[in-house]
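Notes for the structure review
Residue strings, one per chain:
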Amino acid sequence: MLVPVVDLYASPEARAPAREAIRRLGLPFEWLFAVLLAVTLFAASALLFFAVAPGFGSIWLEPSNSWLLLGDNRPPAGAVQFNALPWFTQLAGAGAFALIAGSLAASFYFLRALFRCYRAGDVFGAAPQRHMQAAAVALIVFALSPGALQPLLRAVGSPDRAWFHPHSLAVLIMGAGLLVFACVIALGREIERETKEFV
C-alpha cells in the first residue's frame, strides 16, 4: 500500500521578479554613490588644503559667498582670506566645513551600503533598514548644519553669513523621506517574517 507524502513546508519558489529587478538596479546605484563619495572626499580635502596652504591657491570669504581663487584671479571686494583670520576662527570654520562635508560623504557611504544590500537580494533585512536610517540622519545633518553652526561662526568672527542654501530644503525633505521609507522597510520585515512562519 502506497502512503501519500505530504510536504509540511512550501517548496522554494523562484525569486520574485520585483526582487530580481531591485538586485539588477543595485549595482549601478552602488557604483554611483561610490563615485559621489570619492568625489566628495577629494573635493573637501582639496578645499581644506587650499585654505591652509598659501601659494597653491586660497579661500576667500565674504558675507554672501566663499571663493576658491587660483592663479592670478582677484578676490571680490570686501572678501577676507581664510588663512588671514585668527586661528580660532580658522579652527571653527574648518570644523564646520568638516562636519558639513563629512555628513554629505557619510550619506553617500550609507546609500552605497544600502544598494549593496539590494544587489545581494537583501531588501527587507535589518542591514538595509539600518543603512537607510543612517543615510537619512546624515542628510538631515548636512541640511541643518550651515544654519545651526551660524551662531558659533559669528561668535568667533567669521565673515561668512551664507547659512541658507536653496538645496538644503530639498536635502532635508529627502532625509525625512528616507526615515519614512526605513519605517516601511521595518513593516516589510515584519510581514516577511510572519509569512515565512506561516505554514
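Let me begin by describing the structure that accompanies this report. (Residues numbered from 1 in each chain as written. Predicted model: local features only at pLDDT ≥ 70, side-chain atom pairs only at ≥ 80, totals over all residues. Heavy atoms only, no water.)

1. Some details on the overall build of the protein chain
Rules: Comment: elements are numbered from the N terminus, with helices defined as DSSP H or I runs of at least four residues and strands as E runs of at least two. For the exposure calls, accessible area comes from a 1.4 Å probe over protein chains only, and a residue counts as buried if that area is under 20% of its type's maximum, exposed if over 50%, partly exposed in between. Pairs of residues are marked as contacts when any of their non-hydrogen atoms sit within 4.5 Å. Only the protein chains shown count as cover for residues, and the accessible areas themselves come from Shrake-Rupley with a 1.4 Å probe.
A count of helices and strands for the protein chain gives 4 helices and 3 strands. Secondary structure elements in the protein chain, listed N-terminal to C-terminal, are α-β-β-β-α-α-α. Looking at the 199 residues of the protein chain, the share that counts as buried comes to 33%. The long-range share in the protein chain, meaning contacts at least 24 apart out of those at least 6 apart in sequence, stands at 66%. Just so you have it, the protein chain exposes about 12,700 Å², and 70% of that area is on carbon and sulfur atoms.

2. Focus on the side chain of Ser103
Position of Ser103 among the secondary structure elements: in helix H2 (residues 87–119). In this view, Ser103 contacts Ala138, Val141 and Phe142; residues no more than four positions away in its chain are not counted.

3. Looking at the sheet that holds strand E3 (residues 80–81)
Put simply, the rule is: Strand pairing requires that DSSP identify at least two bridges connecting the strands. Angles shown run from 0 to 180 degrees and are taken between the N-to-C directions of axes, each axis being a line fitted to C-alpha atoms and, for helices, limited to the stretch in contact.
Pairing within the open sheet is antiparallel, and its 3 strands lie in the order E2-E1-E3. Strands at the two margins of the open sheet, each flanked by one partner only, are strand E2 (65–69) and E3. Two strands pair when backbone bridges link them, and strand E1 (residues 58–62) and E3 are joined in this way by 2 bridges, in the antiparallel orientation. From the neighbouring strand, Trp60 faces E3, where its bridge partner is Gln81. Contacts from helix H1 (residues 17–52) reach E1 and E2, with the element oriented near 85 degrees to E1.

4. Some details on the nonpolar core
Within soluble globular proteins, side chains that are nonpolar generally end up buried alongside one another. Note the following rule: Only buried residues count toward a nonpolar core. Its members are Ala, Val, Leu, Ile, Met, Phe, Trp, Tyr and Cys residues joined through side-chain atoms within 4.5 Å.
Ranked by internal contacts, the top residues of the largest apolar core, which has 19 residues, are Leu111, Leu114, Tyr118, Met132 and Leu178. Sorting the residues of this core by element identifies H1, H2, helix H3 (126–155) and helix H4 (166–197) as the ones contributing at least two each. Sequence-distant contacts of Leu111, that is, excluding residues within four places in its chain, are made with Phe33, Ala135 and Leu178. Judged by nonpolar contacts, the second largest core, of 6 residues, contains Phe50, Ile59, Leu61 and Phe82.

5. A short note on the environment of Ala136
With respect to the helices and strands, Ala136 occurs in helix H3. On the basis of relative accessible area, Ala136 is assigned to the buried category, the value being 0%. Taking the C-alpha atoms as reference, Ala136 lies 7.5 Å from Met174; in sequence the two are 38 residues apart. Apart from the residues lying within four places of it in its own chain, the contact partners of Ala136 are Gly175, Leu178 and Leu179.

6. What to know about the packing of H1 against H2
Threshold: Comment on the angle field: the value is read as roughly parallel under 35 degrees, roughly antiparallel over 145, roughly perpendicular from 65 to 115, and oblique elsewhere. By definition, turning the near helix anticlockwise from the far helix through less than a right angle yields a left-handed crossing, and turning it clockwise yields a right-handed one. We call Asp, Glu, Lys and Arg charged. Ala, Val, Leu, Ile, Met, Phe, Trp, Tyr, Cys and Pro are nonpolar, and the rest, Gly among them, are polar.
It is at 7 Å that the axes of H1 and H2 come closest, and there the two elements cross at 165 degrees. For the element pair H1 / H2, the angle class is roughly antiparallel. As for how H1 packs across H2, the hand of that crossing is left-handed. When its residues are assigned to classes, the contact of H1 with H2 shows 21 nonpolar, 2 polar and 5 charged.

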